[in-house]
Amino acid sequence: MTVPAAVIDSLADIVGREALRHAADLRSRDPGIHPDNFGGDLMVRPAETGELSRVLACCHAARVAVVPQGGRTGLAGGAVSRPGQVIVSLDRMNRIEALDPVSRTVQVGAGVTLAALAAQAAEHGLSPGIDLGARDSATIGGMISTNAGGASAFRHGTMRDRVLGLEVVLADGAVLSELGLVRKRNEGLQVERIFAGAEGTLGVIARATLSLVPADGPAATAMVGLRDLAAGVALADTLLRNRSLTLTALELMSANHAATVCRSCALKGFDELLATPYLLLVAGSAASSAAAEAALVAELEAAASLELILDAVVAQNEAQRAAMWRMREDWAVDREYPGGIWFDVSVPLAQLPGYLHSASARLKGHPAGLSVFVIGHLGDGNVHLTVNAAQPVTDRYEEIAELVTADLAAYGGSFSAEHGIGLEKRATLQRLVSPVKLALMRRLKDALDPLGIMNPGKVLPD
Ligand SMILES: Cc1cc2nc3c(=O)[nH]c(=O)nc-3n(C[C@H](O)[C@H](O)[C@H](O)COP(=O)(O)OP(=O)(O)OC[C@H]3O[C@@H](n4cnc5c(N)ncnc54)[C@H](O)[C@@H]3O)c2cc1C
């Protein structure tokens, strides 16, 4: 199946031939995280909402499917495209249009990257209030569409919570412009909210207004070795209540993850930490670096006296701080053990040790000899489990997913914390979500996209 030549000509008339990319061109480019992101045979790159609207109207009239793409860093396959589909890239809609430092709001094109927004906000002593490892490529439109979380979500919520308003182009090209700049706006249903977390299945986000937060003050960073996960939860609880340290990061990793990164990236100086079962990257800010370090060290000494932590290293310079973050964010596990599967679950913090203990026991009992690597954002009970074995296990996704999710609901958890459903978790969604919710999702999809052209086959079955 291919995009009809007449449609290609119409799209060229709308955006200009130079703003189209054809299959051969796409195949020579980096597709991002999923190898099939560039499976479609045409990419259209509109420059502004008007062009985007005409692109969608054209595809709608010709019943050609549309796959929106931002930075292609999504981890659930939501940006995968197939022959006959048109990729709509937001990369040219990348202008930071207005930043109001007093109201702490910003209006951006959907293609602005998180890093670009963070840099601009920093010039005014502000921050987007959200951060994640893919910051250099992930776009605001993609982050809203996946309702991204990241390392700061325990403080400022997920991307949906950062949004004040949206401009969205609907499947037929109609433009819903609700670019509010205020935090309080009760004007009937906030219909634009439905597009946050919709993964491009209901419309294309063109622009957004976001709420900014004051930038953090000078910080101190430490890597601690936990006695066990329960000790990590107790330490998190204490740190979250501390009044002299604003906790800015609480990033968890299992020792096998940390050891793999240290080996792969030649990170030195963490040997004693690697002998503990879990490591926790703790960062906090205060009025000065000295005050932050003093408050952090006092907390860690108290934790050590309670035997919650077995070892700790406080970063003494930028290189040490960067090494600690690398230990958390590097993807050495996926490089060194390809053929594994990622899971993205969240559990109420107090229940996390019980859930992880029980899920690990189920996984380790599997005959394939599964290994489990854990990283996560401890502050909000969100952990990513990478499950692999000597042989690739990618074709055993559903069977392993059942082990991961077996008692999640009993612990009050979610099978999809922050990466969305995309292609990967569609079966799990059908298995674990109530029929009433599924039927409502289907009715909304049919109402907004009756021809089914918006990112078909993602989230819900075709
Ligand atoms: C190293 C690394 C670290 C990461 N860390 C985190 C993390 O800590 N927390 C977290 O939540 N995620 C994390 N992610 C996942 C990823 O960064 C997020 O899913 C991000 O929000 C996707 O943004 P994107 O612009 O790359 O979107 P894409 O990957 O291009 O698209 C993702 C989905 O959104 C849709 N979409 C994209 N743009 C639009 C638009 N304008 N309108 C409508 N739909 C659109 C696509 O169709 C697709 O379904 C990480 C990824 C990597 C590679």
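Cut-offs used in this document
- Chains are numbered independently. Their residues run from 1 in the order of the written sequence.
- Since the coordinates come from a predicted model, pLDDT governs what is reported: local features require at least 70, and pairs of side-chain atoms require 80 or more to be given and counted, while whole-chain, interface and lining totals use all residues.
- Strands are runs of DSSP state E lasting at least 2 residues, helices are runs of H or I lasting at least 4, and numbering of each runs from the N terminus.
- All radius of gyration figures rest on C-alpha atoms, and the globule criterion is 2.2 Å times the number of residues raised to 0.38.
- To assign burial, the other C-beta atoms lying within 10 Å of each residue's own C-beta are counted, with C-beta atoms placed from the backbone; 20 or more indicates buried, 12 or fewer indicates exposed, and intermediate counts indicate partly exposed.
- We call two residues in contact whenever the C-beta atoms placed from their backbones are within 7 Å.
- For two strands to count as paired, DSSP must find a minimum of two bridges between them.
- Axis lines are fitted through C-alpha atoms, for helices just across the contact stretch, and the angle between N-to-C directions can take any value from 0 to 180 degrees.
- Where each domain starts and ends comes from a domain assignment, either automatic or drawn from a database.
- Amino acids outside the nonpolar list (Ala, Val, Leu, Ile, Met, Phe, Trp, Tyr, Cys, Pro) and the charged list (Asp, Glu, Lys, Arg) are all regarded as polar, and Gly is one of them.
- All residues are tested the same way: a C-beta atom is placed from the backbone, and lying within 6 Å of a molecule or strand makes the residue near it.
- An angle below 35 degrees is treated as roughly parallel, one above 145 as roughly antiparallel, one from 65 to 115 as roughly perpendicular, and anything else as oblique.
- Each helix crossing is assigned a hand: it is left-handed if the near helix lies turned anticlockwise from the far helix by less than a right angle, otherwise right-handed if that turn is clockwise.

(A) Summary view of the overall build of the protein chain. Assigned secondary structure in the protein chain consists of 17 helices and 18 strands. Computed over its C-alpha atoms, the radius of gyration of the protein chain comes to 23 Å, within 12% of the 23 Å expected for a compact globule of 462 residues. Taken along its principal axes, the extent of the C-alpha atoms in the protein chain is 70 × 55 × 45 Å. Burial statistics for the protein chain: of 462 residues in total, 47% are counted as buried. In the protein chain, the share of contacts with a sequence separation of at least 24, taken over all contacts with a separation of at least 6, comes to 75%.

(B) Summary view of the sheet that holds strand 13 (residues 246-254). The strand order across the open sheet formed by 7 strands is 15-12-14-13-17-18-16, and the pairing between neighbours is antiparallel. Strands at the two margins of the open sheet, each flanked by one partner only, are strand 15 (309-314) and strand 16 (341-346). Each neighbouring strand pair of the sheet contributes to a mean axis angle of 20 degrees, computed without reference to strand direction. Alignment of strand 12 (residues 219-226) against strand 15, held across 5 bridges, turns out to be antiparallel. When the sheet's bridge partners are listed, Gly225 is paired in strand 15 with Asp311. Against the sheet, helix 9 (residues 255-265) touches strand 13, strand 14 (278-285) and strand 17 (371-377), its axis set at about 90 degrees to strand 13. Its contacts with the sheet put helix 15 (residues 397-405) on strand 16 and strand 18 (382-388), and the angle it makes with strand 16 is roughly 30 degrees.

(C) Spatial organisation of the pairing of strand 17. By the criterion of burial, strand 17 is predominantly enclosed, with 5 of the 7 residues buried. The pairing of strand 13 with strand 17 spans 3 bridges and is antiparallel. Residue pairing in the sheet places Glu251 in a bridge with His377 of strand 17. The pairing of strand 17 with strand 18 spans 7 bridges and is classified as antiparallel. Among the inter-strand pairings, Val372 is bridged to a residue of strand 18, identified as Val387. In this antiparallel pair of consecutive strands, strand 17 and strand 18, the connection spans 4 residues, and Gly381 shows a positive phi of 65 degrees.

(D) The domain arrangement of the protein chain, seen in detail. Each domain of the protein chain was delimited in the assignment, giving domain 1 (5-89), domain 2 (96-214), domain 3 (219-329) and domain 4 (338-420). A C-alpha centroid distance of 22 Å is found between domain 1 and domain 2. With 15 residues of domain 1 at the contact, the number on the domain 2 side is 21 residues. With 7 residues, the single largest contributor to the side of domain 1 that touches domain 2 is helix 3 (residues 49-62). When its residues are assigned to classes, the side of domain 1 that touches domain 2 shows 6 nonpolar, 8 polar and 1 charged.

(E) Expanded view of the site of the ligand. Neighbouring the ligand are 37 residues, the closest being Gly70, Gly74, Gly78, Gly141 and Gly142. Within the residue set of the shell around the ligand, elements represented by two or more residues are strand 3 (66-69), helix 5 (140-146) and strand 10 (203-211). The element contributing the most residues to the shell around the ligand is helix 5, with 5 residues.

(F) Main features of the environment of Thr139. You can see Thr139 is positioned in the loop between strand 7 (126-127) and helix 5. Counting along the chain gives 107 residues from Thr139 to Thr246, while the straight-line C-alpha distance between them is 27 Å.

(G) Spotlight on the packing of helix 1 (residues 5-15) against helix 3. Two elements in contact, helix 1 and helix 3, have axes whose closest approach is 9 Å; the angle formed by their N-to-C orientations is 170 degrees. Here helix 1 is positioned roughly antiparallel relative to helix 3, judged by the angle of their axes. Along this stretch, helix 1 crosses helix 3, giving a crossing that reads as right-handed. Between helix 1 and helix 3, the contacting residues are Val7, Ser10, Leu11, Ile14 and Val15 on the first element and Glu51, Arg54, Val55, Cys58 and Ala62 on the second. For the contact of helix 1 with helix 3, the per-class residue count stands at 7 nonpolar, 1 polar and 2 charged.

(H) Layout of the environment of Glu178. Positionally, Glu178 belongs in strand 9 (residues 175-178). Along the chain, Glu178 and Arg193 lie 15 residues apart, while their C-alpha atoms are 9.8 Å from each other. Once residues within four sequence positions are removed from consideration, Glu178 is found in contact with Gly165, Leu166 and Glu192.

(I) Main features of the sheet that holds strand 2 (residues 42-44). Judged by pairing direction, the sheet is mixed, and its 4 strands sit side by side in the order 1-2-4-3 without closing on themselves. Where the open sheet ends on each side, the last strands, each with one partner, are strand 1 (20-22) and strand 3. Averaged over all adjacent pairs, the angle separating strand axes in this sheet is 25 degrees, with direction ignored. Judged from the 3 bridges that link them, strand 1 and strand 2 form a sheet pairing that is antiparallel. From the neighbouring strand, Arg21 faces strand 2, where its bridge partner is Met43.

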